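# An overview of the molecular structure
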Amino acid sequence: CADHAPQGDPARWRAERWRPILPAELKRLEYRCQHCSGTSIGHRAPKPVPLVLNVDDRPSMLYLRDRILRQHGFIVANADCGQKALDVARQLKPNLILLDVHLPDADGRELCQRLKLDPEFAGIPVVLISATLTGQVNLADAMRTTSADGFIREPVEPDMLASTLWKVLSAA
């Protein structure tokens, strides 16, 4: 906090491992220094808030998932087609892409393959989501051929959606 941070002493900042809190962290962080709260916090950096690119051509599903993910601690960017998803991913470098299988301009499975083969996006986990892929054979085939990091069958409960994305992110 401003009352206890070393002012004008860069050596002390480095020695005590102080750092400024980034604007994105302030959205999810209510910060009180160890002096104000009366506890030692060990000067660990706050856990970064992951950015999820939510891709679906149905506005109602985009909105619903956006609300669910924000309520579960994610920052969300939305795209309603494959080309916009590529453009947004290139610009924002999300931590995870939640990708609908059926898009107006692309098949989500093919888009996932393209993302995984592109060095710019290969490290970004992709979770496919669909109400139409059914059966273990379709699911196993989709996972194998696309190199997706996860698959969610719709409809899905909000807590299950969020927990699946958190698990994929922690495994990445």
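Residues numbered from 1 in each chain as written. Predicted model: local features only at pLDDT ≥ 70, side-chain atom pairs only at ≥ 80, totals over all residues. Heavy atoms only, no water.

## A short note on the overall build of the chain
Rules: What counts as a helix is a DSSP run of H or I of at least four residues, what counts as a strand is a run of E of at least two, and both are numbered from the N terminus. Contacts were defined at the residue level, with two residues in contact if any of their heavy atoms lie within 4.5 Å. Calculation of accessible area relied on Shrake-Rupley with a 1.4 Å probe; when residues are assessed, cover is drawn exclusively from the protein chains displayed.
From N to C terminus, the chain includes 8 helices and 5 strands. Going from N to C terminus, the chain has its helices and strands arranged as α-α-α-β-α-β-α-β-α-β-α-β-α. Sequence-distant contacts, at least 24 apart, represent 60% of the contacts inside the chain between residues at least 6 apart. Per element, the accessible surface of the chain, about 10100 Å² overall, is 55% carbon and sulfur.

## A few points about the pairing of strand E4 (residues 126–130)
To keep things clear, this is the line we draw: Type-normalised accessible area, obtained with a 1.4 Å probe on protein chains alone, sets the label of each residue: buried when under 20%, exposed when over 50%, and partly exposed for intermediate values. Any two strands with at least two DSSP bridges between them are considered paired.
Among the 5 residues of E4, 5 are classified as buried, and the element is accordingly described as predominantly covered. Burial along E4 is two-sided: Val-126, Leu-128 and Ser-130 and Val-127 and Ile-129, pointing in opposite directions, are all buried. As judged from the 4 bridges shared by strand E3 (residues 96–100) and E4, these two strands associate in the parallel manner. The partner of Ile-97 across the bridge, within E4, is Val-126.

## Some details on unusual backbone geometry
For the peptide bond that leads from Glu-154 to Pro-155, omega is 0°, which places it in the cis range. For Pro-155, the position within the fold is in the loop between strand E5 (150–153) and helix H8 (158–171). Phi at Lys-93 takes a positive value of approximately 50°, unusual for a residue other than glycine. As for its placement among the helices and strands, Lys-93 is situated in the loop between helix H5 (82–92) and E3. Positioned with a positive phi, Ser-147 is a non-glycine residue whose angle comes to about 65°. One can find Ser-147 in the loop between helix H7 (135–146) and E5.

## A word on H5
Regarding H5, the residues found buried are Gly-82, Ala-85, Leu-86, Val-88 and Ala-89. Taken from the residues just after H5, Lys-93 is the one with a positive phi, measuring 50°.

## Focus: helix H4 (residues 59–71)
Rules: By this rule, a helix spans an expected 1.5 Å times one less than how many residues it contains.
Taking 1.5 Å per residue as the helical rise, H4 with its 13 residues ought to reach 18 Å, and the 18 Å between its terminal C-alpha atoms agrees with that figure. Of all the positions in H4, only Met-61, Leu-62, Arg-65, Asp-66, Ile-68 and Leu-69 are classed as buried. Contacts from the buried residues of H4 go to strand E1 (51–55), strand E2 (75–79), E3, E4 and H8. At the C-terminal side of H4, Gly-73 shows a positive phi close to 95°.

## Looking at the side chain of Asp-66
Positionally, Asp-66 belongs in helix H4. Among residues more than four places away in sequence, those in contact with Asp-66 are Asn-54, Val-76 and Asn-78.

## Overview of the pattern of salt bridges
Short version of the rule: Here a salt bridge means any side-chain nitrogen of Lys or Arg lying within 4 Å of a carboxyl oxygen belonging to Asp or Glu.
For the structure on display, the rule yields 10 salt bridges. Two residues, Arg-58 and Glu-154, come together in a salt bridge whose shortest N-O distance is 3.1 Å. Taken together, the positions of Arg-58 in the loop between E1 and H4 and Glu-154 in the loop between E5 and H8 put the pair 96 residues apart, joining distant regions of the chain. Overall, Glu-154 belongs to the buried group, its relative accessible area being 10%. Of the charged contacts, one joins Asp-149 and Lys-116 as a salt bridge, the two residues approaching to 2.6 Å between their closest N and O atoms. Residue Asp-149 is located in the loop between H7 and E5, and its partner Lys-116 is located in helix H6 (residues 108–117); the two are separated by 33 residues in the primary sequence. For Asp-149, a relative accessible area of 37% puts it in the partly exposed group.

## Notes on the environment of Arg-70
Using the following cut-off: Definition of a polar contact: a pair of N or O atoms within 3.5 Å, with one able to donate and the other able to accept a hydrogen when the atoms are protein atoms, and with sequence-neighbouring residues admitted only if both atoms are side-chain atoms.
Relative to the helices and strands, Arg-70 resides in helix H4. When the C-alpha positions of Arg-70 and Ala-162 are compared, they lie 9.5 Å apart, and in sequence the two are 92 residues distant. A polar side-chain atom of Arg-70 sits 2.7 Å from a polar atom in the side chain of Asp-66.

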